[in-house]
Amino acid sequence: KGPGVCRSGRKDMALRCAASLAAGRQPRCPRLPRPAPEGTVRWSSAAKASAVKINEKASREKILTLESMNPQVKAVEYAVRGPIVLKAGEIEKELRKGIKKPFTEVIKANIGDAHAMGQRPITFLRQVVALCTYPNLLDSPSFPEDAKKRARRILQGCGGNSLGSYSASQGINCIREDVASYIERRDGGVPADPDNIYLTTGASDGIATILKILVSGGGKSRTGVMIPIPQYPLYSAAISELDAIQVNYYLDEENCWALDVNELRRSLNEAKAYCNPKVLCIINPGNPTGQVQNRKCIEDVIHFAWEEKLFLLADEVYQDNVYSEGCQFHSFKKILYEMGPEYYNNVELASFHSTSKGYMGECGYRGGYMEVINLHPEIKGQLVKLLSVRLCPPVSGQAAMDIVVNPPVPGEESYSQFIKEKESVLNNLAKKAKLTEDMFNKVPGIHCNPLQGAMYAFPRIFIPSKAIEEAKAHKMAPDMFYCMKLLEETGICVVPGSGFGQREGTYHFRMTILPPVEKLKILLEKVKDFHIKFLEKYA
């Protein structure tokens, strides 16, 4: 502004400015805008407005939209983690924020996640996986020798003796050998070849892989996949993703969800008009229905598959979960073998098992296997190629699967604790299966078939016509409307039967029996009270 005078009007600031200039620095004055860093472009208001307009013109539509995405993926639905579970998550957040509800917690009875429901892990399984994960523990006296022996064997089968290395795409060889030995013991000596064993990321991975290799053709020659209704939604989801044709056959609810070959034949003959049915899926014990198939039923199904040239998929992940007196698990592989060489050498069969269910409940490890027999040699090579794309299943899951098929035996130091823990889990589940059946059948408007196996109830519920009309007004399936109301009023999360499939005009929900007995009793009482009020409201 002038010699010795600053724009601020302060002589002291003028002196500071002079000193800064003398030192070759830009003066910092409170009355002047701070200088832009070197290389920074200053924008006028007009320039900014122009840039915004240019940016608006330059922006373009997203490449990936609901209209442009893979339509098969959009068609996929998985009710077990569908809208009802999303709503449950929202309610949990509200509870954490202190928003008042008629309940203090959300009970997620929608999924068969045993440990999330409080089931304790099997000690021996966790010991072996811990030893494999951190081999330094092999020198610890805190771990039993039989656990160390198994861990060393598994680690010797791993690259670099480390669980962190990739395995062969088919799985670690010694674990596949243990799976084959387990199948032979389970099936009373029926031979099993380790080369027919494929370790998988849970059973779901194996099922999806086999379906992927089976689906082909177009139009009326497109592969049809026969699935039970009610079904586990993995099947309908995989079929949608592969753009295959879902062919429904209905289980007989009036006969404890039995499988009738006459129904299979009806379904097959109708499907031949619009697709090429070549896959038959069986879930035994049933999910969500809990039925356990008897030997005669399995023989009839195998004969039907042989006669109609169908590839059999046997989902047997609940093979340890059989509760009802007089019921027994029979593997399809065993019955197929006992039916004679004409069947055993010809019927193509893939069987599946997992660490996630049974008495283990180790869902998070994602361990599983499939045994595939009578596969064409050239297709076997194609299957290994397909599996190699995903490199290998989780090696920790493979280790967990090994303990399922190679548990402690009498004479080993861990046997008594192992068998005590295993029987405790299974006896508890049997008690809860009976409790659930009995309590549901005391409620007017609810009917529940015996829970012979697995870990779910699938009760039939009466929904009044007034409630059905209100559900339509909300653009919901009636049982979805019912389950949403149940969630909002009680905090109990179950899955509507429409997510599994059901005969038209019938309504159900699936509920796991995994909560501890006392919590399960509270849950069942809440469902009872809710259902009675629901009937009164919509009568």
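Structural data are supplied above this passage.
Residues numbered from 1 in each chain as written. Predicted model: local features only at pLDDT ≥ 70, side-chain atom pairs only at ≥ 80, totals over all residues. Heavy atoms only, no water.

Caption draft 1: Focus on the overall build of the protein chain. The secondary structure content of the protein chain amounts to 19 helices and 14 strands. Looking at the protein chain residue by residue over its 539 residues, the buried ones come to 50%. For the protein chain, restricting intrachain contacts to residue pairs at least 6 apart in sequence, the fraction spanning at least 24 positions comes to 70%. Carbon and sulfur atoms make up 52% of the accessible area of the protein chain, which totals about 26500 Å². (Helix = DSSP H or I, 4+ residues; strand = E, 2+ residues; numbered from the N terminus. Buried < 20%, exposed > 50% of the residue type's maximum accessible area, 1.4 Å probe, protein only. Contact = heavy atoms within 4.5 Å. Areas by Shrake-Rupley, 256 points an atom, 1.4 Å probe, with all protein chains shown as cover.)

Caption draft 2: Geometry of the nonpolar core. Among the nonpolar cores identified, the biggest contains 122 residues, and Leu125, Ile210, Leu313, Tyr369, Phe440, Phe509 and Met511 are the most heavily contacted of them. Looking at which domains feed residues into this core, each of domain 1 (71-106 + 419-538) and domain 2 (123-405) gives three or more. Among the nonpolar cores identified, the runner-up in size contains 34 residues, and Met226, Val261, Ala314 and Phe458 belong to it. (Core = buried A, V, L, I, M, F, W, Y, C linked by side-chain atoms within 4.5 Å. Domains from an automatic or database assignment.)

Caption draft 3: Up close: the packing of aromatic side chains. Counted according to the given criterion, the structure contains 14 aromatic pairs. Ring geometry for Phe440 and Phe509: centres 5.8 Å apart, planes at 75°, overall edge-to-face. Of this pair, Phe440 sits in helix α16 (residues 415-440) while Phe509 is found in strand β14 (residues 509-512), placing the two residues 69 residues apart along the sequence. Accessibility expressed as a relative area gives 1% for Phe440, which makes it buried. Ring-pair connections join several aromatic residues into one group, and the members of that group are Phe440, Phe481, Tyr482, Phe509, Phe530, Phe534 and Tyr538. Between Arg510 and the ring centre of Tyr456, over which it is positioned, the NZ or CZ distance is 3.8 Å. (Phe/Tyr/Trp six-rings, centres within 6.5 Å; stacked < 30°, edge-to-face > 60°. Lys NZ or Arg CZ within 6 Å of the ring centre and 35° of its normal.)

Caption draft 4: Quick peek at the sheet that holds strand β13 (residues 495-496). An order of β10-β14-β13 is seen for the three strands of this open sheet, with the pairing classed as antiparallel. Strand pairing shows two members of the sheet lacking a second neighbour, β10 (456-457) and β13, which therefore form its edges. Across two bridges, the pairing between β10 and β14 is antiparallel. The residue of β14 that forms the bridge with Ala457 is Met511. (Pairing = 2+ DSSP bridges.)

Caption draft 5: Just the pairing of strand β2 (residues 197-201), in detail. Among the five residues in β2, four count as buried, and that is most of the element. Note: β2 against strand β8 (residues 367-373), five bridges, orientation antiparallel. Within β8, the position partnered with Tyr198 by the bridge is Met370.

Caption draft 6: Representation of unusual backbone geometry in the model. Of the consecutive residues Ile229 and Pro230, the connecting peptide bond is found in the cis state with omega at 5°. Locating Pro230 in the fold gives a position in the loop between β3 (223-229) and α9 (234-241). One non-glycine residue with positive phi stands out, namely Asp243, at about 60°. Along the chain, Asp243 falls in the loop between α9 and β4 (245-250). Its relative accessible area of 40% is what places Asp243 among the partly exposed residues. Of note, Asn374 is a non-glycine position whose phi angle comes to about 65°, a positive value. Residue position: Asn374 is located in the loop between β8 and α14 (377-389).

Caption draft 7: Representation of the sheet that holds β3. As summarised here, the arrangement of the seven strands in space is β2-β8-β7-β6-β5-β3-β4, forming an open sheet in which the pairing is mixed. Whereas interior strands pair on both sides, the edge strands pair on one side only; in this sheet they are β2 and β4. Between one strand axis and the next, the sheet turns through 25° on average, direction left out of account. Where strand β6 (residues 311-315) meets strand β7 (residues 349-354), four bridges bridge the pair, whose relative direction is parallel. Considered in β7, the bridge of Ala314 is made with Ser351. (Axes fitted to C-alpha atoms, helices over the stretch in contact; angles between N-to-C directions.)

So yeah, pure geometry; function would need other evidence.
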